[in-house]
2 protein chains.
Amino acid sequence: MSPADRVRDRADQGASTVAAHRARRRLRADRARQLADLIRHQLLAGRFPDGALPHETTLAADYRASRNTVRQALDLLRAEGLVERLPGVGTVVVAQKFPHGLDRLMGLAETLREHGQVTNEVRTVGPVPAPSPVADRLHVPPGTDVLYIERLRRLNGLPLSLDLTYIPLDIGAALLGEDLENTDIFRLLETLTGTPLGHAEISLEAVNADAHSAAVLQAPRGAAVLMLERLTYLADGRPVDLEFIRFRGDRISMSGLLHRSL
Amino acid sequence: MSPADRVRDRADQGASTVAAHRARRRLRADRARQLADLIRHQLLAGRFPDGALPHETTLAADYRASRNTVRQALDLLRAEGLVERLPGVGTVVVAQKFPHGLDRLMGLAETLREHGQVTNEVRTVGPVPAPSPVADRLHVPPGTDVLYIERLRRLNGLPLSLDLTYIPLDIGAALLGEDLENTDIFRLLETLTGTPLGHAEISLEAVNADAHSAAVLQAPRGAAVLMLERLTYLADGRPVDLEFIRFRGDRISMSGLLHRSL
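Residues numbered from 1 in each chain as written. Chains lettered and ligands numbered in written order. Predicted model: local features only at pLDDT ≥ 70, side-chain atom pairs only at ≥ 80, totals over all residues. Heavy atoms only, no water.

Q: Can you help me understand the UniProt feature "domain: HTH gntR-type" (unreviewed entry) in chain A in this one?
A: UniProt marks residues 29–96 of chain A with the feature "domain: HTH gntR-type" (unreviewed entry), using the numbering shown here. The span residues 29–96 of chain A is 53% helix and 12% strand, and its two end C-alpha atoms sit 25 Å from each other. (UniProt positions renumbered as here; feature names shortened; annotations may be inferred. Helix = DSSP H or I, 4+ residues; strand = E, 2+ residues; numbered from the N terminus.)

Q: Would you mind showing me how to read the sheet that holds strand β7 (residues 197–208) of chain B here?
A: One key point about sheets: their strands pair by backbone hydrogen bonds, in either a parallel or an antiparallel sense. In spatial order, the strands read β3(A)-β10(A)-β7(B)-β8(B)-β9(B)-β6(B)-β5(B)-β4(B); together these eight strands make up an open sheet with mixed pairing. Both edges of this open sheet fall to β3 (98–101) of chain A together with β4 (118–129) of chain B, since each of them pairs with a single strand only. Here the average twist between neighbouring strands, direction ignored, is 20°. Across nine bridges, the pairing between strand β8 (residues 224–234) of chain B and strand β9 (residues 239–248) of chain B is antiparallel. Residue V225 of chain B lies in a different strand from β9 of chain B, and its bridge partner there is R248 of chain B. Across the sheet, helix α7 (residues 185–193) of chain B touches β5 (145–155), β6 (158–168), β7, β8 and β9 of chain B, and the angle it forms with β9 of chain B is around 165°. (Pairing = 2+ DSSP bridges. Axes fitted to C-alpha atoms, helices over the stretch in contact; angles between N-to-C directions. Contact = heavy atoms within 4.5 Å.)

Q: Quick question: what am I supposed to make of the interface of chain A and chain B here?
A: Where interface size is quoted, it is often the accessible area lost as the parts come together. The partner chain B presents 74 residues to the 75 residues of chain A that form the contact. Looking only at chain A, the three residues that lose the most surface to chain B are R33, L258 and R260 of chain A, adding up to 15% of its buried area. R260 of chain B is paired through a salt bridge with E110 of chain A; the nearest N and O atoms lie 3.0 Å apart. Where chain A packs against chain B, one counts 39 residue pairs in polar contact (both at pLDDT 80 or more). (Buried area = accessible area lost by both parts, 1.4 Å probe. Salt bridge = Lys/Arg side-chain N within 4 Å of Asp/Glu carboxyl O. Polar contact = N/O pair within 3.5 Å; in protein donor to acceptor, adjacent residues only side chain to side chain.)

Q: It is not clear to me how the relation of the copies chain A and chain B should be interpreted in this structure. Could you clarify?
A: A rotation about an axis combined with a shift along that same axis relates the two copies of the chain. Superposing chain A onto chain B takes a rotation of 180° combined with a translation of 0.0 Å along the rotation axis, leaving an RMSD of 0.0 Å. Those values place the two copies in the arrangement expected of a two-fold rotation axis. (Least-squares fit on C-alpha atoms with pLDDT ≥ 70 in both.)

Q: Looking at this model, I keep getting lost on the domain arrangement of chain A. Mind explaining?
A: Domain annotation of chain A identifies domain 1 (3–93) and domain 2 (98–255). The C-alpha-based centres of domain 1 of chain A and domain 2 of chain A are spaced at 39 Å. (Domains from an automatic or database assignment.)

Q: Please explain the pattern of salt bridges as it appears in this structure.
A: Pairs can form between side chains of opposite charge once their charged atoms are near each other. Across all of its chains, the model carries 50 salt bridges over all chains by this definition. When the shortest N-O distance is used, the salt bridge between D30 of chain A and R33 of chain A registers 2.7 Å. Taken together, the residues span about one helical turn, with D30 of chain A and R33 of chain A both in helix α1 (residues 3–44) at a distance of three residues. Looking at D30 of chain A, the relative accessible area reads 4%, which means it is buried. Across the pair D184 of chain B and R153 of chain B runs a salt bridge, and its minimum N-O distance is 2.8 Å. Linking D184 of chain B in the loop between α6 (169–172) and α7 with R153 of chain B in strand β5, this pair joins segments that are 31 residues apart in sequence. Residues joined in a network through salt bridges with shared partners are E56, R67, R71, D75, R78 and R85 of chain A. (Buried < 20%, exposed > 50% of the residue type's maximum accessible area, 1.4 Å probe, protein only.)

Put into structure tokens, the structure is as follows:
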């Protein structure tokens, strides 16, 4: 073998060692994610009712994974704020995600009824001239006053969502005297109009919270937020409630059923 | 006024100036968020078809906002990766979110048909012993081999989602010879079993991407991800497909209709 060949050979070996190392690291990370997803499901489904996860060796046996993979998976769940690892105690569940129904149009207090008390801190309430995209969607002339409400919503005292709401003023004006702190707007709308709600067009996105929204929600800057835009119609077809809702990603999961044929 | 009173008075004035300053800043931030939500809606609804937003002064007039608020709102949308501000050009749309249907159970290529070509990079495919939460949900004995598939899915070449999939092996084995790169698993399952899909149980969450998932999705570390867990059943009631899907938050929005009564 010529000296040049030897150098090339050694370089190849070096490169293949680096490549093999990278491939192993990638495989470990893939396995950790795979395991973290399974444990996350169990955790959100309430399968660790005493709040403690099984010991690492038990998890490793249950999931046919190495202890390294188990540790890495638990690190991922810790980074998501779902578990904490306490020395001498083990891994404990520190966050609970509350299930928001995605099958039926429901207010927050309605959908979380079994999970506790929803309270609303009204940050702003009052008429504003409707910007044209609001006016279009609520079927009022642009510039007409609509009722604008901004609420920080809590479940059992914990911040859950920040809701920006626009309502046509002829319906909205009556909301001003109502108990917005403790009542879903959906319920108030049905009571005040004497008409049930019909349907809503929704869209859901995941966004990183800007600094100000994060501060209001008491979440870290950049925290993942489940953003829901919802335009709700009365049963008679009139649009009555346009909302922009930021749910703290670590506290809400939306769940429902989808069917293949309509 | 005594010297002590004077000091107290000045401190009070100082405190109230600080409080007033904070209140103004909070109000500005609230207004910027409010405006950003409206512009985001317009942007995602494709209301700026030439890819350029109106000039700041036009936006300020249209939305009855100050130019400062407009600038701050555009900064929020820029931080979300939706727009860029080019000196001398103005504000341009740089990201498009694709609408994923939430009304009907559909595969990715199906739901995005009008938006382009979905391709799948198969990162892993092969049998693995089913961990117990997978076995339970797929109705197979724990430890039985199931088919595990990991795919990075792209739309027109752009990474859109990372999908982890478990399928019972009696059905999954036949998938191995199929064109997984270019075909939705949903379509393959219906073709191979001769049975239409029935329904799926889904849950949706917003999470911050861990470093490895972010790297695979070519997104920044910590980027908001729309996480979909979905267990799909054949029309005969048999569970056939358990998936854990991470959608890039900046590229997908899920939309559908909710009804008040079922």
